[in-house]
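# Coordinate inspection notes
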Amino acid sequence: MKKLVAVFLVLIICATPVLASDFVPVRSTLEELGWEVNWHDGRERMVYFTTPAGEGLHIFVDEHNSIIENDRVYVHPALMMMIINVGTERPFVEPQENIHGKLTRVTYGENVAYIFGTMNGAEPHWFPLHPTVEESKRRADIFAFEFDLEEIEDIFAYARMMAYIEYMSILPDGLTLADILADDVYSNFVTNMESWSFWVTYDSVNMLTPIAILLGLDHAAFLTLGIELYYMVDNYILNFAMINDKPTMGLNTMYSEIDLLFNVPLEIQAYALKDFLSFENHLDNIRESNPTEMYAAQDLEGLRAVEKSICEGTSANPFTMMFNYNLRDSRRRIFADRIADFLLETDEPSTMFAAVRIQHIIDCGCGKNLLYLLEEMGFEIEPLWQDA
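Parameters at a glance
Residues numbered from 1 in each chain as written. Predicted model: local features only at pLDDT ≥ 70, side-chain atom pairs only at ≥ 80, totals over all residues. Heavy atoms only, no water. Helix = DSSP H or I, 4+ residues; strand = E, 2+ residues; numbered from the N terminus. Expected span 1.5 Å × (residues − 1). Contact = heavy atoms within 4.5 Å. Phe/Tyr/Trp six-rings, centres within 6.5 Å; stacked < 30°, edge-to-face > 60°. Buried < 20%, exposed > 50% of the residue type's maximum accessible area, 1.4 Å probe, protein only. Core = buried A, V, L, I, M, F, W, Y, C linked by side-chain atoms within 4.5 Å. 1 Å grid on protein atoms, 1.4 Å probe; cavity = no way out; pocket = protein on both sides within 12 Å on 5 of 7 lines; lining within 4 Å. Points joined across faces, edges and corners; volume = space filled by probe spheres on them.

This part covers helix α14 (residues 300-312). In a regular helix each residue adds 1.5 Å, so 13 residues correspond to 18 Å; α14 covers 18 Å between its end C-alpha atoms and thus fits that length. Against the buried residues of α14 lie α12 (279-289), α13 (292-296) and α15 (318-345).

Below is the structure:
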């Protein structure tokens, strides 16, 4: 059971295990460029460098963007490009003219918050980001993410979080899916389980909540379609902050994120698998709504259309209505309040760079996006992406 529940945490934090062969070796790659790799601390996951110009740098490598194998460090190609760009006056790779993430500047007096739209999953050629985005990062005094990414790096905090997700994923008081789902939905689900050779047996999931089942289905679909979730745009930004010794913060706590994800009454979760027809149909839905390619092209109209269709499709199902409200509207208000606190309460002139999913800042006509909420609070909103 614990191994199964772990799959759902993987989905939540967008970290899929990879092989060292998918990464690039740090030492040999940098030494070929004239760098010196001084040493690394496997326990603290820190690697220390000296650039050709004699500048000392260090970088934090987490388990989602690196592998330490046989005392050698391998990192994701996108992270390698970022390291080289930070430590080299002339960029190793020319900045993208594409990935602007609908960058927006929010101001209050002399305090500034840059709001940048990110995406789950990433491709190495996305980095570096648009020059305006990279310049905004360099101006930042603090970096903010939807939740504090450093929370999951502490092994004890990680173990506690895993235990909490396991607790939230299991039905209470000995209930099973047969007690929760309508008869026809339950029968269809069990029938489909038999055809998923890569998946698990019904007996191993019949005590899980419908929400946990849905997360598992999504994760299986991503793997089947070859959608890589192990490296996020957020990781790229986080490592920039780490290299430059900049503090980071979460706009929400990880536990609050988990609560928003799982806290749907069982009588509402009963409708979670109502629209599930088959795994093949689920694959088609994921394939059609996958916004990664749209993000790569910064196709904001396409992203708006996807979000609008998801939003409009929730009204017929009480589960999707409440689930999407929790993950969209509730979180946006939490994020807005946290950014507002920074802008209003920071005494010295300070700049924040906040990375949130681009779905939270595009206007699809369904609910109030993060920028609209901040504007309602009286902050000055200046879109920068139009200049990109």
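Having seen it, we continue.
Here we take up the packing of aromatic side chains. Under the defined criterion, the tally for this structure stands at eight aromatic pairs. Measuring from centroid to centroid gives 5.8 Å for Tyr 108 and Phe 379, while their planes differ by 80°, and the two rings are edge-to-face. Of this pair, Tyr 108 sits in strand β7 (residues 104-108) while Phe 379 sits in the loop between α16 (370-376) and β12 (380-383), and the two are 271 residues apart along the sequence. Under the relative-accessibility criterion, Tyr 108 is labelled partly exposed at 42%. Centroid distance Phe 143 to Phe 353: 5.8 Å. Interplanar angle 45°. Geometry classified as tilted. Taken together, the residues span a long stretch of sequence, with Phe 143 in strand β9 (residues 142-147) and Phe 353 in strand β11 (residues 351-357) at a distance of 210 residues.

In terms of nonpolar packing, the biggest core is built from 86 residues, with Ile 115, Phe 116 and Ile 339 touching the most fellow members. Ranked by residues supplied to this core, first place goes to helix α8 (residues 210-225) with nine residues. Residue contacts for Ile 339: discarding those within four places in its chain leaves Ala 113, Ile 115, Leu 251, Met 352, Ala 354, Leu 370 and Leu 374. Core analysis: the next-biggest nonpolar cluster, separate from the first, contains eleven residues, Leu 30, Val 37, Val 75 and Ile 243 among them.

Quick look at empty space enclosed by the protein now. To find leftover empty space, a probe the size of one water molecule is rolled over the atoms. Counting across every chain of the model gives three cavities of 30 Å³ or more. If you add up the space inside the second largest cavity, you get close to 50 Å³. The greatest single-element share of the lining of the second largest cavity, amounting to three residues, is contributed by β9.

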